[in-house]
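# Inside the fold
Okay, here's what each chain looks like letter by letter:
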Amino acid sequence: MSRREGGRPVGISPSILSADFGRLAADVEAVVAAGADWIHVDVMDGHFVPNITIGPGVTAAVRRATGVPVDVHLMIEHPERYLEAFREAGADRITVHYEACAHLHRVVERIRELGALPGVAINPATPVEVLRDILSEVDLVLLMTVNPGFGGQRFIPTAPSRLRRLVDLLADARVPDGLEVQVDGGIDAATAPAVVEAGATNLVAGSAIYGSEGGAAEGVRALRRAIEGAGVRKA
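In short, a report on the structure. (Residues numbered from 1 in each chain as written. Predicted model: local features only at pLDDT ≥ 70, side-chain atom pairs only at ≥ 80, totals over all residues. Heavy atoms only, no water.)

### Notes on the environment of Asp-27
What counts is decided by this rule: Secondary structure is summarised from DSSP: a helix means a run of H or I of at least four residues, a strand means a run of E of at least two, and numbering begins at the N terminus for each. Type-normalised accessible area, obtained with a 1.4 Å probe on protein chains alone, sets the label of each residue: buried when under 20%, exposed when over 50%, and partly exposed for intermediate values. A contact between two residues is defined here by any heavy atoms of the two lying within 4.5 Å.
By the secondary structure assignment, Asp-27 is in helix α1 (residues 24–33). The exposure class of Asp-27 is buried, given its relative accessible area of 7%. Counting along the chain gives 175 residues from Asp-27 to Asn-202, while the straight-line C-alpha distance between them is 20 Å. With sequence-adjacent residues up to four places away left out, Asp-27 is seen in contact with Ala-19, Asp-20 and Tyr-210.

Spelled out as structure tokens, the structure:
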């Protein structure tokens, strides 16, 4: 199994954006049984990104279906208005976008006050350096490897180099090893090794898992095989 600093395995977080909502509980249970570490919930509002997806109700359904961490990614404007609702729905982790928060530190503090682990995401065109002053306050940094809004997009090939700059920034800021470096967008068996080698510790995948010809469970196993032996970049 591919390993990162500290000997922990690289995490796999299937995105239910690509699941069959008519059998959501079964789709969640299948990937967890195959070794998924978290379940990723992509929330879009049609304003911050050009798509509308799901809300706290579906998050609560995911929470009822599994005991693994529920990882909520808020691709929405004014995320501070909805933190309580998603925490009450069962979110263990709540990630907000740097680009959507006028008062990012305040939002991050509120997530932690609610008992969830805060994360911050940045879009592909946002320099990783903007995160320097928030790194000590979050438990996760999510680097988008496509422009957010839709599943099934092609991986942006410059993403590994951006990841390396982020890892260098983490080292320079002396951020503890436990901070998760998550990637989301176009992650599959072909792209996963490169992002793991660049320093990613958690991989979000939707269509590569739920669109797998062998079924979602085989999609998880295929992704795990792809990162088997992938090198973890040293700081």
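### Considerations on the sheet that holds strand β4 (residues 93–97)
The test is simple: In this description, strands pair whenever DSSP reports at least two bridges between them. Whenever a helix is involved, its axis is fitted only over the stretch in contact; in every case the axis is a line through C-alpha atoms, and angles between N-to-C directions fall within 0 to 180 degrees.
Pairing within the open sheet is parallel, and its eight strands lie in the order β1-β8-β7-β6-β5-β4-β3-β2. Strands with a single pairing partner mark the edges of an open sheet, and in this sheet they are β1 (11–14) and β2 (39–44). Within the sheet, the average angular offset between the axes of one strand and its neighbour, ignoring direction, is 25 degrees. Pairing geometry for β2 and strand β3 (residues 70–75), over six bridges, is parallel. What sits directly across from His-40, in β3, is Asp-71. Most of the contacts of helix α5 (residues 159–172) go to strand β6 (residues 140–144), to which it runs at about 155 degrees, and overall it touches β5 (117–122), β6 and β7 (180–184). Against the sheet, helix α8 (residues 216–227) contacts β1 and β8 (202–205), and its axis sits at roughly 150 degrees relative to β1.

### Concerning the pattern of salt bridges
Selection rule: Here a salt bridge means any side-chain nitrogen of Lys or Arg lying within 4 Å of a carboxyl oxygen belonging to Asp or Glu.
For the structure shown, the criterion picks out nine salt bridges. The shortest N-O distance in the salt bridge between Arg-224 and Asp-37 comes to 3.0 Å. With Arg-224 in helix α8 and Asp-37 in the loop between α1 and β2, this pair connects stretches of sequence that are 187 residues apart. Overall, Asp-37 belongs to the partly exposed group, its relative accessible area being 26%.

### Observations regarding the nonpolar core
For clarity, the cut-off: Nonpolar cores were defined as sets of buried Ala, Val, Leu, Ile, Met, Phe, Trp, Tyr and Cys residues, with membership established by side-chain atoms within 4.5 Å.
Counting 64 residues, the largest nonpolar core has Ile-16, Leu-74, Ile-187, Leu-203 and Ile-209 as its most contacted members. Considering every element that reaches this core, the biggest residue donor is α5, with five residues. Among all residues touching Leu-203, those that are not within four sequence positions of it are Val-10, Gly-11, Ile-12, Ser-13, Val-183, Ile-187, Ala-192, Val-195, Val-196 and Ile-227. Grouped together as the second largest cluster of nonpolar side chains are six residues, Trp-38, Ala-121, Leu-142 and Met-144 included.

### Remarks on the side chain of His-97
Filter applied, for reference: Pairing of N or O atoms within 3.5 Å defines a polar contact, subject to two protein rules: one partner must be a possible hydrogen donor and the other a possible acceptor, and residues neighboring in sequence count only if both atoms are side-chain atoms.
Position of His-97 among the secondary structure elements: in strand β4. We classify His-97 as buried; its relative accessible area is 0%. Separated by 3.0 Å, the side chains of His-97 and Glu-99 make a polar contact. Contact partners of His-97, with chain neighbours within four places excluded, come to Phe-48, His-73, Leu-74, Met-75, Ala-121, Ile-122, Asn-123 and Met-144.

### Side note on the pairing of β5
Quick note on the threshold: The handedness of a crossover follows from its direction of travel: if, with the strands pointing away from the viewer, the path from the first strand over the helix to the second runs clockwise, the crossover is right-handed.
Burial of β5 is extensive: five of the six residues sit out of reach of the surface. Looking at chain direction, β4 and β5 are connected through five bridges and run parallel. Residue Thr-95 lies in a different strand from β5, and its bridge partner there is Gly-119. Crossover handedness for the path β4 to helix α4 (residues 104–113) to β5: right-handed. As paired elements, β5 and β6 share four bridges and run parallel to each other. The partner of Gly-119 across the bridge, within β6, is Leu-140.

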